[in-house]
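Listed below, chain by chain, are the residues.
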Amino acid sequence: MADLHGSDRDERRSKRLHICLSVDFDAISGYLGTGHDPRNTMADYSAGIFSARVGVPRLLKLFEKYGIGNKVSWFLPGHSIETFPEEAAAIVRSGAEIGLHGYSHKGAYAMTPEQEEEVLMKCIEIVVALQGGKKPVGYRAPLYQIQETTVQLLQKNGFLYDSSMNAHDSLPYILPNPFPTEPPRIPDYSQRASSWMVPSSVPQEPAAGTDEAKNGLIEIPSSWYTEDMTPLGFYPYTPNSQGYVAVDVVEKMWWDRFDWLWENECFVHEDGFGSIYPMVWHPESAGRAHVVGMIDRFIGKLIKKINEAEPGEVTFETMETMAKAFKAKNCYNDDGC
């Protein structure tokens, strides 16, 4: 009998790896919200124009080359849609899934709950109009700055999934509904230690088959380790911005993650799900001439891996498709509850 890590391959065990490519179309909005700095210049804003006018067409052409345009999830800030309507329309025409990404890329912690709800409702309205009446079902928080009220708003408005957190790196999971409101307690060193030496309350994933699982929000993990912008993009006044990392270093990191998952955690057990491989790209960095070539090569290697694997073992999937499949698995219902 083969062990968990597949060291004994006398009997070949089934594998399943879902590749979930996604793109955050921040454009100028990235410099208005989480990337705002009083020192931002016209030259900085022009990088947002590059994102729309150059980065988006390059990525769309690349996805078309490999026939995967309708397997990519794009997260669009409302500001990007309204500022660059032609590019936003081209993304829709590619067949991509469209998710929300705030309006002006503002972090949740910078807003009141009332402002956060107003932004969400406005962005739903914008995307519904963009897609001819189709509502978005997915959300990614700008700069991953999601908070408890964000989750509650998404649940209240019937969203299927969020892609802002990373309590796992290769499996979806379900957030409880109602979602707890108490954040971890920060030590107040002006008070007695006994007042802040307490454990944190960690949200517990609902058990499969329960009403709580049925009503919960699916989390499709994403993080700094799954994206391009931090190592390959450059915001002049952002402390964690780099922008000068060699593309082969980043490509190797992406492949190290893929190879480890494929060799260790893609085995299909009784749930039949396997693992996911999420990626987050940005036209402002992924669309740069020296980066898009690496991404072209990277996707080509993924295609080669698909062709080498058994049919259906490695596939490109939208995050919406994955969230629906995972919800169906946990609700024991073919229609996803």
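Residues numbered from 1 in each chain as written. Predicted model: local features only at pLDDT ≥ 70, side-chain atom pairs only at ≥ 80, totals over all residues. Heavy atoms only, no water.

### A closer look at a nonpolar patch on the surface
Together, Leu143, Trp224 and Tyr225 line one region of the surface with nonpolar side chains, adding up to about 340 Å² of accessible area. Following the sequence through the fold, leucine 143 ends up in the loop between β4 (138-139) and α5 (148-156). (Patch = residues over 30% accessible without salt bridge, like charges linked within 9 Å, V, L, I, M, F, W, Y side chains within 5 Å. Areas by Shrake-Rupley, 256 points an atom, 1.4 Å probe, with all protein chains shown as cover. Salt bridge = Lys/Arg side-chain N within 4 Å of Asp/Glu carboxyl O. Helix = DSSP H or I, 4+ residues; strand = E, 2+ residues; numbered from the N terminus.)

### Some details on the nonpolar core
Within the largest apolar cluster, 64 residues are counted, with the highest numbers of intra-cluster contacts made by Trp74 and Trp281. If near-sequence neighbours (up to four positions away) are discounted, tryptophan 74 is found in contact with Val23, Phe25, Val56, Leu59, Leu60, Phe63, Ile91, Ala96, Glu97, Ile98, Gly99 and Pro283. Ranked by size, the runner-up nonpolar core spans 14 residues in total, among them Phe75, Leu160, Tyr161 and Met319. (Core = buried A, V, L, I, M, F, W, Y, C linked by side-chain atoms within 4.5 Å. Buried < 20%, exposed > 50% of the residue type's maximum accessible area, 1.4 Å probe, protein only. Contact = heavy atoms within 4.5 Å.)

### A word on the pairing of strand β1 (residues 17-24)
Of all 8 residues that make up β1, 8 are buried, and the element is covered over most of its length. Residues Leu17, Ile19, Leu21 and Val23 of β1 are buried on one face, and the alternating residues His18, Cys20, Ser22 and Asp24, pointing to the opposite face, are buried as well. Here β1 pairs with strand β8 (residues 275-281) via 7 bridges, running parallel. The partner of leucine 21 across the bridge, within β8, is methionine 279. Bridge count for β1 against strand β9 (residues 314-316) is 3 bridges, and the pairing is parallel. For isoleucine 19, the partnering residue across the bridge sits in β9 and is phenylalanine 316. As judged from the 3 bridges shared by β1 and strand β2 (residues 73-76), these two strands associate in the parallel manner. (Pairing = 2+ DSSP bridges.)

### Focus on the state of the cysteines
Going through the model one piece at a time under the given rule, you end up with 0 disulfides. With no disulfide partner, cysteine 20 has as its closest neighbouring cysteine sulfur the one in cysteine 266, 12 Å distant. Cysteine 266 gets classed as buried once you look at its relative accessible area, which sits at 0%. (Disulfide = S-S within 2.5 Å.)

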